[in-house]
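# Survey of secondary and tertiary structure
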Amino acid sequence: MLALVPIAIFAFNRPDLLDKTFQHLALCTLAGDSHIHFFIDGPRNSKDIKAIDSCLILVEKYRTSFKSVTVIKRSENTGLASSLKAGISTVLEQNESVIVLEDDLMVEKCFIEYMNSQLTFYKENIKVGSISGFSTKVSQKKHFNYFHPRPCSWGWATWKDRWNQAVWSINEPEIEELKTHKKSFNKGGEDLYRMLMNQLAGKINSWAILWSYTHFKNGWVA
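Keep in mind the model is a prediction, meaning the values are calculated, not measured. (Residues numbered from 1 in each chain as written. Predicted model: local features only at pLDDT ≥ 70, side-chain atom pairs only at ≥ 80, totals over all residues. Heavy atoms only, no water.)

This next bit is on the pairing of strand E1 (residues 7–11). Among the 5 residues in E1, 5 count as buried, and that is most of the element. Burial along E1 is two-sided: Ile7, Ile9 and Ala11 facing one way and Ala8 and Phe10 facing the other are all buried. Of the strand pairs in this sheet, E1 and strand E2 (residues 35–40) are connected by 5 bridges, and their pairing is parallel. Bridge assignment links Ala11 to a residue of E2, and that residue is Ile40. Each parallel crossover has a hand, and for E1 linked through helix H1 (residues 15–26) to E2 it is right-handed. (Buried < 20%, exposed > 50% of the residue type's maximum accessible area, 1.4 Å probe, protein only. Helix = DSSP H or I, 4+ residues; strand = E, 2+ residues; numbered from the N terminus. Pairing = 2+ DSSP bridges. Right-handed = clockwise from strand over helix to strand, strands pointing away.)

If you want it as structure tokens, here you go:
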């Protein structure tokens, strides 16, 4: 069997939610053949230390459910956006693709199998920027999959060559140009343009809105 795509899990101070995430992931088909990269952010205060320690205990609880588990513990708090961007880049230094989970998700048993199969199937389709493990309810009878202009942050996957094209900063001329394409950008959701403007104004700190903009700028779909 071909080596499975590594799974990156990002956590901080929510052991109760993380326990459910691990519990469901461990029940997945192919869990025992999967490599886990567990990233946990550093504490903001003394209260966080206890919660982070509880998360690390959970890693040991579920370690035997997977082929291997690598733990990367931050000494300082960097925030989700910075932790996720750095963690994904680290995994992709040695791998061609990655599956990403945060600590508040419960996946179906087919999740790992589905993600691996779709990463293989769409690898050479340069219009596909990412694979989503979440979907709203859509009327879909003819095909198993569908394309959407907006990537999802709730259980997803991508490839190294796509991640390397991620747009993490936008200059003033791009912002002015985007104003004329606001309607097109918002086809992925009426909140996208507003979120991006709030991100650029420093009102929010979201890696996901910049990943959505990356899909739009490159003409990708999820």
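In the structure shown here, the tally under the stated rule is 10 salt bridges. Residue Arg63 pairs with Glu60 through a salt bridge whose shortest N-O separation is 2.9 Å. Assessed through its relative accessible area of 46%, Glu60 is described here as partly exposed. Through salt bridges that share partners, Arg14, Asp103 and Asp104 make up one connected network. (Salt bridge = Lys/Arg side-chain N within 4 Å of Asp/Glu carboxyl O.)

All right, on to the packing of aromatic side chains then. Counted under the stated rule, the structure contains 16 aromatic pairs. Residues Tyr122 and Phe147 carry aromatic rings whose centres are separated by 5.9 Å and whose planes lie at 70° to one another, so their mutual orientation is edge-to-face. Of the two residues, Tyr122 is situated in the loop between helix H4 (111–121) and strand E5 (131–132) and Phe147 in the loop between E5 and strand E6 (156–159); the sequence distance between them amounts to 25 residues. Judged by its relative accessible area of 12%, Tyr122 falls in the buried class. Judged by centre distance (5.3 Å) and plane angle (65°), the ring pair of Trp163 and Trp168 falls under edge-to-face. Residue classification places Trp163 among the buried positions, given a relative accessible area of 3%. What makes Trp168 partly exposed here is its relative accessible area of 29%. One aromatic cluster is present, formed by Trp156, Trp163, Trp168, Trp207, Trp211 and Trp220 through successive ring pairs. (Phe/Tyr/Trp six-rings, centres within 6.5 Å; stacked < 30°, edge-to-face > 60°.)

Okay, unusual backbone geometry next. Non-glycine residue Leu30 carries a positive phi angle of around 80°. Judged by its relative accessible area of 23%, Leu30 is partly exposed.

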